[in-house]
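What follows is each chain in one-letter form.
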Amino acid sequence: MQDEVLVLGGGVAGCAASIALARKGRRVTLIEREPTPRHKVCGEFLSGEALKDLHALGIYVASLGAVPINHVRLAAARRAAQAPLPFSAASLTRKALDTALIAAAIAAGVRVEQGRSVQALARTAPSVWQATLDDGTACVAPTVFLATGKHDLRGHGRPKDPLQWVGFKMYYRLSAAQIADLADASELTLYSGGYGGIQPVEDGIANFCCVVQRRYFARAGLRWEGLLAKMQQDCPHLAMRLGGAEPLLDKPITITHIPYGYIRPTTEDGLYCIGDQAAVIPSFTGDGISIALHTARCAVAAYLAAEPAPLFQSKLRSALRVQMRLAEFAADGLNNSFARAVLPFCLRVWPGVMCVTAKLTRVAQHAAVAPMQSPVEI
Ligand SMILES: Cc1cc2nc3c(=O)[nH]c(=O)nc-3n(C[C@H](O)[C@H](O)[C@H](O)COP(=O)(O)OP(=O)(O)OC[C@H]3O[C@@H](n4cnc5c(N)ncnc54)[C@H](O)[C@@H]3O)c2cc1C
């Protein structure tokens, strides 16, 4: 199999890049290991920038049932405070979003291979990349977009995550009173060892997605029930929010190895790394999807302008560095017990602080990664 561009991974970044490349007349093969989109560990918050990029791809989230999110609420211990978001945001399950993205890629003319897993990726000659699939098939192309998200390919891995974060997602059916109280807010709950977010998604259900350091999870007996009880004990507001709520999955979806703060320093010729393979921002910012879309757009522009992948990757790193450090700094703050105690109070006195934090941790759109030629519209 020989193609002009191979895109590995059919999540947000991989689909966005494939659609943009196909629209520019490139022959694209997208390889996605899941036969159909499934639930992923994600808070499912779509920031203003993400909505703009999705719109440009022809994805109208309102028509998929997305819920508008206009406020952010911070809850620590028994206190909670809320502030308006500085942009219009939305909330949509990843299953629905990924389904729409795959459909858009197929409609754009991308050859989509679902249920095929890439086992290895190697350069076999100066301009030849070879992806070997699980059944031994070799896919060959001069250019590859690596978009396998949280999953590393052997030989192209990201560094270890020293705090050993563990992520969980569970859907709940809340009571009518809880839903009314949550309203159009994304609620960030703070506890020692991590944080969680709860927000409404389509069909009247709520997503609770959280991350904890492994040692905190170990103290909870390495079991979800124990962890949930411990988080609720630390943050009674969470106990109030989830009290009597009906869990909708048999068990939470989990993920390990989340190298927060990572930005890929370099790459090889012909290999553009995008999405979580390019950068992993702390989850509380709700900006990972936006970064996935942004890095896809920038990488496609670089490729079409014949900008070498190593140059693109290093420009991307410089462009994302400040935002990433600020997000890490804020994440450290959330993990500090004194900060946790005073944050809701600060937010009540100065709601603008949340707007400032939200703006500072956003990816700078049209950041200085654009190649010399005019940027590509997606
Ligand atoms: C706990 C948590 C909460 C988060 N909450 C939010 C949030 O609320 N808002 C937000 O914007 N971001 C959030 N994020 C971040 C966001 O989920 C990611 O940044 C985003 O999904 C990255 O997109 P991607 O395309 O790189 O990866 P993904 O969307 O994960 O897609 C990668 C795809 O590659 C496929 N794949 C993997 N390995 C292979 C292989 N070997 N062969 C073929 N296919 C393969 C996978 O099946 C998958 O479909 C959160 C992250 C975490 C951990």
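Above: the structure in question.
Computed from a prediction, not measured in an experiment: that's the story for all the values here.

Enquirer: I keep staring at the pairing of strand β9 (residues 138–141) and nothing clicks. Help me out?
Expert: Taken together, the 4 bridges between strand β8 (residues 128–133) and β9 define a ladder with antiparallel strand orientation. Across the sheet, Trp129 pairs through a bridge with Ala141, a residue of β9. Here β8 hands over to β9 after 4 residues, with Gly136 in that stretch at a positive phi of 90 degrees.

Enquirer: What should I look at first to understand empty space enclosed by the protein in this one?
Expert: To find leftover empty space, a probe the size of one water molecule is rolled over the atoms. Within this structure, the stated rule accounts for 1 cavity of 30 Å³ or more. For the largest cavity, the calculated volume is near 70 Å³. Along the walls of the largest cavity sit Gly10, Glu32, Glu34, Thr36, Pro37, Arg38, Lys40, Asp98, Ile102 and Gln114, which together make up its complete lining. When grouped by side-chain class, the residues that make up the lining of the largest cavity number 2 nonpolar, 3 polar and 5 charged.

Enquirer: Please explain the sheet that holds strand β7 (residues 118–125) as it appears in this structure.
Expert: Through backbone hydrogen bonds, the strands of a sheet pair up, either in parallel or in antiparallel fashion. With antiparallel pairing, 3 strands are arranged side by side in an open sheet as β7-β8-β9. If you trace the sheet from one side to the other, it starts and ends with β7 and β9, each paired once. Direction aside, neighbouring strands of the sheet carry axes that sit 25 degrees apart on average.

Enquirer: How do you make sense of the site of the ligand when you look at a structure like this?
Expert: Around the ligand, 36 residues are found, and the nearest of them are Glu32, Gly43, Arg94, Asp276 and Ile289. Val118 is positioned with one of its backbone polar atoms (N or O) 2.9 Å from a nitrogen atom of the ligand. Gly288 is positioned with one of its backbone polar atoms (N or O) 3.3 Å from an oxygen atom of the ligand. Elements supplying a minimum of two residues to the shell around the ligand: α1 (12–23), β2 (28–32), β14 (206–213) and α8 (288–304).

Enquirer: Looking at this structure, I do not really get the pattern of salt bridges. What am I missing?
Expert: Side chains bearing opposite charge may pair, as long as their charged atoms lie close to each other. Enumeration over the complete set of coordinates arrives at 19 salt bridges. The closest approach of N and O atoms between Arg33 and Glu34, which form a salt bridge, is 3.8 Å. Between Arg94 and Asp98 there is a salt bridge, and its shortest N-O distance comes to 3.2 Å. Remark: Asp98 and Arg94 occur in helix α3 (residues 94–107); sequence separation between them is 4 residues, near one turn of the helix. On the basis of relative accessible area, Arg94 is assigned to the buried category, the value being 5%. Here the salt bridges share partners, and the residues they tie into one network are Arg73, Asp181, Glu187 and Arg241.

Enquirer: Which parts of the structure should I look at to understand the side chain of Asp98?
Expert: When its relative accessible area of 2% is taken as the criterion, Asp98 is described as buried. Ignoring anything within four residues of it in the chain, the contact list for Asp98 reads Val12, Pro37 and Lys40.

Rules used throughout
- Residues numbered from 1 in each chain as written.
- Predicted model: local features only at pLDDT ≥ 70, side-chain atom pairs only at ≥ 80, totals over all residues.
- Heavy atoms only, no water.
- Pairing = 2+ DSSP bridges.
- Helix = DSSP H or I, 4+ residues; strand = E, 2+ residues; numbered from the N terminus.
- 1 Å grid on protein atoms, 1.4 Å probe; cavity = no way out; pocket = protein on both sides within 12 Å on 5 of 7 lines; lining within 4 Å.
- Points joined across faces, edges and corners; volume = space filled by probe spheres on them.
- Nonpolar A, V, L, I, M, F, W, Y, C, P; charged D, E, K, R; others polar.
- Axes fitted to C-alpha atoms, helices over the stretch in contact; angles between N-to-C directions.
- Near = heavy atom within 4 Å.
- Polar contact = N/O pair within 3.5 Å; in protein donor to acceptor, adjacent residues only side chain to side chain.
- Salt bridge = Lys/Arg side-chain N within 4 Å of Asp/Glu carboxyl O.
- Buried < 20%, exposed > 50% of the residue type's maximum accessible area, 1.4 Å probe, protein only.
- Contact = heavy atoms within 4.5 Å.

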